[in-house]
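# Structural description and commentary
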Amino acid sequence: GAVFTETIITSNEIITYANVLKALAPSQIQQRHLISAFEWFCGVLYPNLSRFFPVVLKHLFDNDIVEEDVFLKWGSDLSRNEFSADHSMISIDTLDLLKSYSAPFLNWLQEAEEESDGEEDVNEAAEDVDED
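Attention here is on the structure that accompanies the text. What you see as residue numbers is a count from 1 along each chain, following the sequence as written. Per-residue local features are limited, in this predicted model, to residues with pLDDT of at least 70; the limit for side-chain atom pairs, both in listing and counting, is 80 or more; totals at the level of whole chains, interfaces and linings are taken over all residues. To get the side-chain values, take all heavy atoms of the structure and skip hydrogens and water.

### Describing the side chain of Q31
Condition: Helix and strand definitions follow DSSP, with helices as H or I runs of at least four residues and strands as E runs of at least two, each counted in order from the N terminus. Polar contacts, as used here, are pairs of N or O atoms within 3.5 Å; protein pairs need one atom able to donate a hydrogen and one able to accept it. Residues neighboring in sequence count only if both atoms are side-chain atoms. Here, two residues are considered to be in contact whenever any of their heavy atoms come within 4.5 Å of each other.
In this fold, Q31 is placed in helix α3 (residues 28–45). Within polar-contact distance, the side chain of Q31 engages the backbone nitrogen of E67 at 2.9 Å. When neighbours within four sequence positions are excluded, Q31 is seen to be in contact with A25, P26, I65, V66, E67 and V70.

Right under this line is the structure:
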């Protein structure tokens, strides 16, 4: 945690450094690495922040640092996958714990995506009716 401290949430450090984080993670794979970095930060460096990990994810989302699709793919992946290093600095149990804490955030994202998909379908149907 070079710029981040144990007060990452109460001090709004993600918001403060949002532009730096955006510059570090413009692609989806880099955004996945950013999530991994925060897994280590909240799960290993400051384990007392584990239960606040979803707040960190929400800040990354609200500040357009990590895309919705990246979170949804991360949430549906196994704790170890093709993005994982052979020798990790974080245990599978810790990763599983962080994912379990993150379930309400991921469910909220999924429901919001489903609602927006439903609205698009309704709008397309209304456009089809208007064209007739």
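### Let's talk about the packing of α3 against helix α5 (residues 68–76)
Spelled out, the test is: Every angle, taken between N-to-C directions, lies between 0 and 180 degrees, and every axis is a line fitted to C-alpha atoms, over only the stretch in contact when it is a helix. With respect to orientation, any angle under 35 degrees is reported as roughly parallel, any angle over 145 as roughly antiparallel, any angle of 65 to 115 as roughly perpendicular, and every other angle as oblique. Working rule for handedness: look at the near helix, and if it is turned counterclockwise from the far one by less than a right angle, call the crossing left-handed; if clockwise, right-handed. Residue polarity follows a fixed list, in which Ala, Val, Leu, Ile, Met, Phe, Trp, Tyr, Cys and Pro are nonpolar, Asp, Glu, Lys and Arg are charged, and the others, Gly among them, are polar.
Taken N-terminus to C-terminus, the directions of α3 and α5 make an angle of 60°; their axes are 10 Å apart at the nearest point. Taken as axis vectors, α3 and α5 run oblique relative to one another. Once α3 is placed against α5, the crossing between them reads as right-handed. Note on element contacts: α5 touches α3 through D69, V70, F71, K73 and W74, opposite Q28, Q31, R32, I35 and E39. For the contact of α3 with α5, the per-class residue count stands at 4 nonpolar, 2 polar and 4 charged.

### Quick word on the packing of aromatic side chains
Note the cut-off: Working definition: rings of Phe, Tyr and Trp (its six-membered ring) pair if their centres are within 6.5 Å, and the pair is stacked with planes under 30 degrees apart, edge-to-face with planes over 60 apart, and tilted otherwise. Over a ring means this: the NZ of a Lys or the CZ of an Arg is within 6 Å of the ring centre and within 35 degrees of the ring normal.
Taken as a whole and assessed by the stated rule, the structure comprises 11 aromatic pairs. Members of the aromatic cluster, each reached through a chain of ring pairs, are F4, Y17, F38, F41 and Y46. Residue placement shows K99 over the ring face of W74; its charged tip is 5.0 Å from the ring centre.

### Quick notes on α3
Our working definition: Helices are assigned an expected span. That span is 1.5 Å times one less than the residue count. Relative accessibility under 20% of the residue-type maximum defines a buried residue, over 50% an exposed one, and the middle range a partly exposed one, all with a 1.4 Å probe and only protein chains included.
Between its terminal C-alpha atoms α3 stretches 24 Å, which fits the 26 Å expected from 18 residues at 1.5 Å a residue. Considered for burial, the residues of α3 that qualify are Q31, R32, L34, I35, F38, E39, F41, C42 and G43.

### What about the pattern of salt bridges?
When the charged atoms of two side chains with opposite charge come close together, those side chains can pair. Defined as follows: The term salt bridge refers to a side-chain nitrogen of Lys or Arg lying within 4 Å of a carboxyl oxygen of Asp or Glu.
For the coordinates displayed, the defined rule picks out 2 salt bridges. A salt bridge links D77 to R32, with the nearest nitrogen and oxygen atoms 2.7 Å apart. On the criterion of sequence distance, the pair formed by D77 in the loop between α5 and α6 (92–131) and R32 in helix α3 is long-range, its members being 45 residues apart. We classify R32 as buried; its relative accessible area is 10%. Between D62 and K58 there is a salt bridge, with the nearest N and O atoms lying 2.8 Å from each other. With a gap of 4 residues between them, D62 and K58 both fall in helix α4 (residues 53–62), about one helical turn apart.

### Looking at the nonpolar core
Heads up, the rule is: We define the nonpolar core as a collection of buried residues of types Ala, Val, Leu, Ile, Met, Phe, Trp, Tyr and Cys that are connected through side-chain atoms lying within 4.5 Å of one another.
In terms of nonpolar packing, the biggest core is built from 29 residues, with I14, F38, L60 and F71 touching the most fellow members. Those elements that provide at least two residues to this core are α2 (18–24), α3, α4, α5 and α6. For F38, the contacting residues outside a window of four places in its chain are F4, I8, I14, G43, F53, V56 and L60.

### Section: the packing of α4 against α5
It is the contact of α4 with α5, at a shortest axis distance of 10 Å, that shows an interaxial angle of 150°. By the angle class used here, α4 and α5 are roughly antiparallel. Seen along the crossing, α4 lies across α5 with a hand that is right-handed. Across from F53, L57, L60 and F61 in α4, the residues of α5 making contact are E68, F71 and W74. A breakdown of the residues in the contact of α4 with α5 according to their chemical character gives 6 nonpolar, no polar and 1 charged.

Any functional reading would require information that these geometric values do not contain.
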